[in-house]
Amino acid sequence: MADMVTLTIDGHEVSVPKGTTILEAAKTVGTEVPHYCYHPGMSSPAMCRLCLVEVEGAPKPMPGCVTTVMEGQVVNTQSDQAKSNRQGVLEFYLVNHPLDCPICDMSGECNLQDYVHAEGREQGRGREPKRVFGRDDFGGDVLFYGDRCVMCTRCVRFMSEVEQDHRLTVVERGNRSVIDTFFDEGLDGTDWHENIVDICPVGALVSKDFLHKARAWDLTHTPSICTSCSQGCNIDLHTRDNLVQRIKPRENLDVNGWWICDHGRHNYEWMNRGDRIEAPLARDGSSSRAVGWKDALRGLLDRAASLDAASVKAVASPQSSNEDLAGLKALVDALGGGDIVYRSARAEDEVPLKGFPGLARRHDLAANTTGANLLGMARVGADDASGGLEGVADHGGIVIVLGDGLDDQPESFGGKAGLYIYLGTHESAATTAADYVLPVGTHAESEGTFTNREGRVQRFEPALEPPGMARPAWLILGALAGEQSGGSVARSAGEAFASLAGSNPAFSGISYDDVGSRGAVINESVSLTGD
Amino acid sequence: MAYPYVSDHEVQIVSKHFGDPQQRRVDTYVERGGYQALKKAFDMGPEQVIDMVKSSGLRGRGGAGFPTGVKWSFMPKESGKPHYLLCNADESEPGTFKDRELIRWDPHQLIEGCLIGAYAIGAQHVYIYCRGEFFEVNQILARAVEDAYAKGYIGKDIMGSGNDLELTVHQGAGAYICGEETGLMNSLEGRRGQPRVKPPFPAAVGAFGMPSTINNVETLCAVTHIVDNGGEWYRQYGTEKSPGTKLFCVSGHVNKPGNYELPLGFPLSQMIEEVCGGMRDGNALKAVIPGGSSVPIINAEEVARCNLDYEGCVEVGTMLGCASVIVMDETTDIVKAVRRMVDFYAHESCGQCTPCREGSAWTAKILRRIEDGRGTEEDLDTLMQMTQQMVGTTICVLSDSVAAPVQSSIEKFRDEYLALIRRGERVGAA
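None of these values were measured; they are calculated from a predicted model. (Residues numbered from 1 in each chain as written. Chains lettered and ligands numbered in written order. Predicted model: local features only at pLDDT ≥ 70, side-chain atom pairs only at ≥ 80, totals over all residues.)

A.B. asks: Before we go on, may I ask you to explain unusual backbone geometry in this structure?
C.D. replies: The bulk of non-glycine residues show a negative phi, and the bulk of peptide bonds are trans. Residue Pro-199 of chain B is bonded to the preceding Lys-198 of chain B through a cis peptide linkage, with omega at -5°. Structurally, Pro-199 of chain B is set in the loop between α8 (181–188) and β4 (212–216). Residue Pro-200 of chain B is reached from Pro-199 of chain B by a cis peptide bond, and omega for that bond is 0°. Despite not being glycine, Thr-153 of chain A shows a phi value in the positive range, around 65°. Take Thr-153 of chain A: it is sitting in the loop between β7 (142–145) and α4 (154–162). Assessed through the 24 C-beta atoms surrounding it within 10 Å, Thr-153 of chain A is described here as buried. The phi torsion at His-212 of chain A lies on the positive side, around 55°, for a residue other than glycine. Here His-212 of chain A shows up in the loop between β10 (205–207) and β11 (220–225). (Helix = DSSP H or I, 4+ residues; strand = E, 2+ residues; numbered from the N terminus. Buried ≥ 20, exposed ≤ 12 C-beta atoms within 10 Å, placed from the backbone.)

A.B. asks: I tried to follow the sheet that holds strand β25 (residues 456–460) of chain A on my own but got confused; where do I start?
C.D. replies: Remark on secondary structure: sheet strands pair via backbone hydrogen bonds, oriented parallel or antiparallel. Residue and element names in this part refer to chain A. Strand order in the open sheet formed by three strands is β24-β25-β26, with antiparallel pairing between adjacent strands. Each of the sheet's edge strands pairs with one partner strand only, and the pair in question is β24 (448–451) and β26 (520–521). As defined by bridge partners, β25 adjoins β26 across two bridges and the pair is classed as antiparallel. Looking at β26, one finds that Arg-456 is bridged to Val-521. Sitting on the sheet, helix α8 (residues 322–334) touches β24 and β25, and the angle it makes with β24 is about 90°. (Pairing = 2+ DSSP bridges. Contact = placed C-beta atoms within 7 Å. Axes fitted to C-alpha atoms, helices over the stretch in contact; angles between N-to-C directions.)

A.B. asks: Would you take a moment to explain the pairing of strand β16 (residues 312–316) of chain A for this structure?
C.D. replies: Every other side chain in a regular strand lies on the same face of the sheet, so the side chains alternate between the two faces. Residues and elements named next belong to chain A. Along β16, five of the five residues are buried, which leaves the element largely enclosed by surrounding structure. Here β16 shows two buried faces, one formed by Val-312, Ala-314 and Ala-316 and the other by Lys-313 and Val-315. Where β16 and strand β17 (residues 338–342) come together, five bridges link them in parallel fashion. Paired with Lys-313 across the bridge in β17 is Asp-339. For the crossover from β16 across α8 to β17, the handedness is right-handed. Here β16 pairs with strand β21 (residues 398–402) via four bridges, running parallel. Looking at the pairing, Ala-314 lines up with Ile-400 of β21. (Right-handed = clockwise from strand over helix to strand, strands pointing away.)

A.B. asks: Where do I start with the interface of chain B and chain A in this structure?
C.D. replies: In many reports, interface size means the accessible area that the parts give up when they come together. Counting residues at the interface gives 26 residues for chain B and 23 residues for chain A. For the side of chain B that touches chain A, the secondary structure elements donating two or more residues are α14 (334–348) and α15 (354–371) of chain B. A per-element tally of the side of chain B that touches chain A places α15 of chain B first, with eleven residues. Its residues placed into classes, the side of chain B that touches chain A shows nine nonpolar, twelve polar and five charged. (Nonpolar A, V, L, I, M, F, W, Y, C, P; charged D, E, K, R; others polar.)

A.B. asks: I keep staring at the packing of α15 of chain B against helix α17 (residues 398–412) of chain B and nothing clicks. Help me out?
C.D. replies: The packing of two helices is summarised by the inter-axis angle and the distance between the axes. Residue and element names in this part refer to chain B. Interaxial distance between α15 and α17 falls to 9 Å at its minimum, and their mutual angle equals 30°. In terms of orientation, α15 and α17 fall into the roughly parallel class. Crossing of α15 over α17 shows left-handed handedness. Counting all contacts with α15, which are made through Pro-355, Cys-356, Gly-359, Ser-360 and Thr-363, the residues of α17 involved are Leu-398, Ser-399, Val-402 and Val-406. Here the contact of α15 with α17 is built from residues that sort into five nonpolar, four polar and no charged. (Parallel < 35°, antiparallel > 145°, perpendicular 65-115°, else oblique. Left-handed = near helix turned anticlockwise from the far one by under 90°.)

A.B. asks: Got a minute to help me understand α17 of chain B in this structure?
C.D. replies: All names here are of chain B. Counted at 1.5 Å a residue, the expected span for α17 with its 15 residues is 21 Å, and the 22 Å between its end C-alpha atoms agrees. Of all the 15 residues making up α17, twelve are buried; the element is thus mostly covered by neighbouring parts of the structure. Among all positions in α17, only Leu-398, Ser-399, Ser-401, Val-402, Ala-403, Ala-404, Pro-405, Val-406, Ser-408, Ser-409, Ile-410 and Lys-412 are buried. Summarising the contacts, the buried residues of α17 are in contact with β9 (298–299), α14, α15, α16 (377–388) and α18 (414–423). (Expected span 1.5 Å × (residues − 1).)

A.B. asks: Help me understand the environment of Gly-108 of chain A, please; the structure alone is not making it clear to me.
C.D. replies: Residues and elements named next belong to chain A. Here Gly-108 is to be found in the loop between α2 (80–96) and α3 (111–119). Taking the C-alpha atoms as reference points, Gly-108 and Trp-217, separated by 109 residues in sequence, lie 5.9 Å from one another. Gly-108 has contacts with Arg-215, Ala-216 and Trp-217, leaving out every residue within four places of it along the chain.

As structure tokens, this is what we get:
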């Protein structure tokens, strides 16, 4: 092809699109050229000088991050010259670095540690007193440890180019250069600033929220999807001791690039909430008692059968997965059919990330509104996700609630129902009248998919163990529906999704594997109310 | 005897009116034949002006010595964008004081050169970026620009030629790195004065993102005379590869320091002895830095065989640079002198590139420790290896400028370092 360029990198011949940088081209042969200042989501100042590589015929080593490939070019990233340059630059970094790894939050995931371990000198030659900047509170969630800074200026460029709110700058020059905020304003009031903690290659910018909470090597990373709005940002849940310790963005250029908003990043404490329903509860007169799953489900179906042709009304949550919602729909259908409504919170304004078009904290503050809509569920209630359940609260037939906490509803909710089934994580006043309270896992404890605002189906994986006997909602609902209708029962989230794809044309043709880690776009164009 | 010192060896072209305050007046300048070269250039046409400057062999006087006419020819012909000519008057190299004098005594010579250059490269606007510390000089230049505007030598329809050219004097705020061409552009645009990654080169993307050419003050002053007298006339001075005359800023331990305009190729030792009146107090010569503090130091033996042109300096392992000759006699403490230079560079490093930001400050600290008598012989190896990591690894050449005096002084004056390290003996301490 005319727009491809063929070159040789470390003896491997590669063809990459014209205009590709040497650094990116090297990735295609599995070589990660060490670098600090370069970040694919921002401009390249080519100032860290760590990515210098040897290009045959060039008079000087060339910065891989800004030098674009040329036909027939021969690049050596592992030559003596390239290696000795990296060793030299790494030594320069350590001249003033405090080497306080034992108390540094970045330790274990620090590029400076990794690079120096891999290619640094065995012994340092620095004998001079180190320059000291000390610490600074940058506002927002960010603490600045000036002495650890490698002056890559990624944080400055993120604020100026990506968030496009010039809150950081480099003051002074030369060896006295230091990152600083303007006056006392700091980062307060910005909505995406915590990404600078992620892109800081060392421990210079650390999160106050995560400060000294866990060591990087003790954290398990689980791919997930943010539930804070309908954007569907790809995230990793970092867990330890069965608790989410922090949320980090996971790269997906189609959705969120490398970024997530500060609101989503901090919205994880609910996943760690302790007062959970741990066992199925069956109402026995005025009190309820814990029962086994078998008894609960059997008893529930028997009770339903005793109600002669009762109509069903169900309340879903747009924070439930496609699989859970499909399970609910299947159960409602198996019980004779009925309306399913959901309530969702909506923000007045979107919060866009100016430098990454297509990424914003959306009006719609639920992860799976699209999924609920595609399954024929209707939105009710106000923009703070309250009200709208008048028809359900006093319904005389079967009432099923999945995932909605019903926090605004009175104790009398479902009191007139012939059968009131509540599937959720916590009890509230409105669950008092429930005949069966069934514990289900949160999205952090389950596997499944969400459909985001643009119709992209994205998978998340379980990061936490569910408490006690809590089980994924799709499993419970699927078992009930299967038993009631005599159909097959999904044994995995993948089977549950396959069943959805087989029955709902919007999802047809998409397999659970296709969705993978990048997501797959559904067949129908999506238009969300109010968007 | 005129302007501090003059010598019979001098060929005064750009420095002809040094010491004569009348020359600053636009009327005097015009009476003495000023602005005729500009008129001539307008009559010739831009291509011919570039060809004439090419034929003169004039090389950039700012330090790099790149042929000026060739540089001008890199400018795109029909880019459809505004072009800019930038005049680098941010003279900051330690040891250099020629541009200051050129502007102080003959500002219209520079203005005329700027206008000719701008016309040749198709620029509509000239910016003279003048060093902030040149307070008096800035005032003189501003006055001269005002006068030239008033007399119609700058502005619309200059001398009835139909050519429009604007000229702005921009005063810097005192950073060495703003004399680096792309650092200057950033500073001019109101950004941090940090050199830019090249490519793109200024002729493609320069000041304000537009095609730009940047020339030194002395270069543009010479252009005025070349256009006036022709390329061949200029070639009668100097050597084949380094034609013309050059202002030498001589400082240090000579009897008559100062600015001397000599034909290129003039022997260095003859300049010290005959032009500058010999060494101070009859002391022996120890070392010379011939091109400003960022070029390698040469010792007395090398001085004896060094001719002052671009090629002659390379032959003895140094560079002509901006021809700022710093002469040091036997009483000079080389370690201290080098440490002082490195301190300067460490202070002036813009801080972008790691090798320069960290390396220059580290080098300064080690040198200070050696100077204080707490050095080790390993320090010299560390200095040599570490400064080698600073050569050719950064965006601009400030980093190389740290390495040059350190490496050359350790090579040539190792004994002096060792005397300090082993016995605490320092030159000139008594």
